[in-house]
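Letter by letter, the chains look like this.
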Amino acid sequence: MRPNFYASCGLDRASGLRADAAWLKARLDDPATRLVPLWRNQNLFRARKLDAQEPPQPLLLTRAEAGAIANGAAELVLLGIDAEAAYFALDLSAREDGAALASAWGGAFEDLRRHGPLLPHREGGVLAYARGILHWHARHRFCGVCGAPCASIEAGHVRVCSNPECKTQHFPRTDPAVIMLVSCGEQCLLGRQRVWPPGMHSTLAGFVEPGESLEDAVAREVREEAGVSVAEVRYHSSQPWPFPSSIMLGFHAEARSLELAVNRDELEDARWFSRGELLASPEDESFRLPRRDSIARRLVESWLGRD
Ligand SMILES: [Zn+2]
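The structure displayed is predicted, hence computed values, not measured ones. (Residues numbered from 1 in each chain as written. Predicted model: local features only at pLDDT ≥ 70, side-chain atom pairs only at ≥ 80, totals over all residues. Heavy atoms only, no water.)

### Here we look at the overall build of the chain
Piece 1. On a plain count of helices and strands, the chain comes out with nine helices and 14 strands.
Piece 2. Relative to the 2.2 N^0.38 estimate, which gives 19 Å for 307 residues, the radius of gyration of the chain is 22 Å and therefore close to what a compact globule would have.
Piece 3. The C-alpha extent of the chain, read off along each of the three principal axes, is 60 × 55 × 35 Å.
Piece 4. In the chain, which comprises 307 residues, the share counted as buried stands at 47%.
Piece 5. Of the contacts made within the chain by residues no fewer than 6 positions apart, 66% connect residues no fewer than 24 positions apart.
Piece 6. Summing over all exposed atoms, the chain offers an accessible surface of approximately 15,000 Å²; the carbon and sulfur share of this is 51%.
Piece 7. Here the chain holds 36 positive side-chain charges and 41 negative ones, and the gap between their average locations is 3 Å. (Helix = DSSP H or I, 4+ residues; strand = E, 2+ residues; numbered from the N terminus. Rg over C-alpha atoms; globule rule 2.2 N^0.38 Å. Buried < 20%, exposed > 50% of the residue type's maximum accessible area, 1.4 Å probe, protein only. Contact = heavy atoms within 4.5 Å. Areas by Shrake-Rupley, 256 points an atom, 1.4 Å probe, with all protein chains shown as cover. Lys, Arg positive; Asp, Glu negative; His and termini not counted. Charge placed at Lys NZ, Arg CZ, Asp CG, Glu CD.)

### Points about the nonpolar core
Piece 1. One finds Tyr6, Leu79, Leu112, Leu181, Leu190, Leu278 and Val300 to be the most contacted residues of the largest nonpolar core, which totals 40 residues.
Piece 2. At the level of secondary structure, the elements contributing two or more residues to this core comprise strand E1 (34-39), strand E3 (75-81), strand E4 (86-91), helix H6 (121-139), strand E9 (175-184), strand E10 (187-192) and helix H9 (295-304).
Piece 3. Per-element accounting of this core gives the leading share, eight residues, to H6.
Piece 4. Excluding anything up to four places from it in sequence, Leu190 contacts Leu181, His201, Ser202, Thr203, Ala270, Arg271, Phe273, Leu278, Phe287, Leu289 and Val300. (Core = buried A, V, L, I, M, F, W, Y, C linked by side-chain atoms within 4.5 Å.)

### As for the packing of aromatic side chains
Piece 1. Tallied over the full model, the rule gives seven aromatic pairs.
Piece 2. Between Tyr6 and Trp241 the ring centres are 5.8 Å apart and the planes differ by 65 degrees, which places this aromatic pair in the edge-to-face class. Here Tyr6, found in the segment before helix H1 (21-29), pairs with Trp241, found in strand E12 (residues 230-241); they are 235 residues apart in sequence, far enough to count as distant.
Piece 3. Looking at Tyr6, the relative accessible area reads 3%, which means it is buried.
Piece 4. For the ring pair Phe273 and Phe287, a centre distance of 5.2 Å and an interplane angle of 45 degrees mean the geometry is tilted. Placement of the pair is Phe273 in strand E14 (residues 269-274) and Phe287 in the loop between helix H8 (275-279) and H9, with a sequence separation of 14 residues. For the pair Phe273 and Phe287, one class covers both residues: buried.
Piece 5. Through a chain of ring-to-ring contacts, three or more aromatic side chains come together here, namely Phe5, Tyr6, Trp241 and Phe243.
Piece 6. For Arg13, the ring lying beneath its charged end belongs to Tyr129, and the centroid distance is 3.9 Å. (Phe/Tyr/Trp six-rings, centres within 6.5 Å; stacked < 30°, edge-to-face > 60°. Lys NZ or Arg CZ within 6 Å of the ring centre and 35° of its normal.)

### Examining the pairing of strand E7 (residues 158-161)
The side chains of a regular strand alternate, residue by residue, between the two faces of the sheet.
Piece 1. Of the two faces of E7, both are covered, the one formed by Val158 and Val160 as well as the one formed by Arg159 and Cys161.
Piece 2. Two strands pair when backbone bridges link them, and strand E6 (residues 150-153) and E7 are joined in this way by four bridges, in the antiparallel orientation. If you follow Cys150 over to E7, its bridge partner there is Cys161.
Piece 3. The turn joining E6 and E7, which pair antiparallel and follow one another in sequence, is formed by four residues; a positive phi near 55 degrees is taken by Glu154.
Piece 4. By the bridge criterion, two bridges tie E7 to strand E8 (residues 169-170) in an arrangement that is antiparallel. (Pairing = 2+ DSSP bridges.)

### With respect to the sheet that holds E8
Piece 1. A sheet is described by the order of its strands in space; here three strands give the open sequence E6-E7-E8, paired in antiparallel fashion. A single partner strand is all that each edge strand has here, and the edge strands are E6 and E8.

### Here we look at the side chain of Glu110
Piece 1. Mapping Glu110 onto the fold places it in strand E5 (residues 107-110).
Piece 2. Of the polar contacts made by the side chain of Glu110, one reaches the side chain of His115; its length is 3.2 Å.
Piece 3. Once you skip the residues sitting within four places of it in the chain, Glu110 turns out to touch Gln42, Asn43, Phe45, Arg48 and His115. (Polar contact = N/O pair within 3.5 Å; in protein donor to acceptor, adjacent residues only side chain to side chain.)

### Looking at the side chain of Arg131
Piece 1. Relative to the elements of secondary structure, Arg131 occurs in helix H6.
Piece 2. We classify Arg131 as buried; its relative accessible area is 4%.
Piece 3. Engagement of the side chain of Arg131 in a polar contact is seen with the side chain of Asp111, the distance being 3.1 Å.
Piece 4. Discounting chain neighbours no more than four positions away, the residues touching Arg131 are Leu38, Asn41, Asn43, Asp111, Leu112, Arg113, Pro242 and Phe243.

### Section: the environment of Phe88
Piece 1. Considering the arrangement of structural elements, one finds Phe88 in strand E4.
Piece 2. Considered as a pair, Phe88 and Val77 are eleven residues apart in the sequence and their alpha carbons are 5.2 Å apart.
Piece 3. Discounting residues that sit within four places of it in the chain, Phe88 has contacts with Leu24, Arg27, Leu28, Thr33, Arg34, Leu35, Val36, Leu76, Val77, Leu78 and Leu79.

This is the structure:
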């Protein structure tokens, strides 16, 4: 089965080399090495003319291009290696002049979500990985046990507490969320939240809570949001979703009946749609399916037999 967008970016994560200081230094000195810059959750893209139809292109830097900034960066995280180069995420968030820096490199910092579906699969995955792990660093600056500052070790894949009495190690985390297409015969359930773009309808989703299996979480979310009881839950696939820090675990679920009791605190609306309605989606402000880089769209397409 083909991987979802943002997954399987093709890098060898080289986890056995993360603690090898000599190897890391050689990679950082290697002119082939590429840095993936981020500034306050935004990735660097090549500048484009406003009227140009050209697709967005990520802008990666050599160490020489990054210059003294890379040497003094707060966080450099090894993402991995491929046949040509090693890749590091470079966090520039401590700088106030992100826009000026980007412009000096011929680029602009922009939200990955803006361009996601337009990027090649591999590049989208590398940018998402860099964004996700730097967001973890930004949100784990202090030890959750004793409150002392933490430092990055193992090429950015562990943070360790600086308090010698504590020394707790903290590992990168990702928050599991279930996302499910609920169907009942020839109908499927889609909902919408008020904050979504006009017309957009999507699958139900929610975070997994402690003490729950994924199947429990699917059943609970569908019951809480739509008042629907599910009989069968089948895993489909998963997708990293670093907006800011989730992994989406995708399921198909079969409802016991078409009865609905929509929770209006959580959803603006939810209702059953036929295959015909979805196949004829106008993709405009009256009705549109979820964005093409999302697992929600994949679950819908798979149900429609178009995937
Ligand atoms: Zn501590």
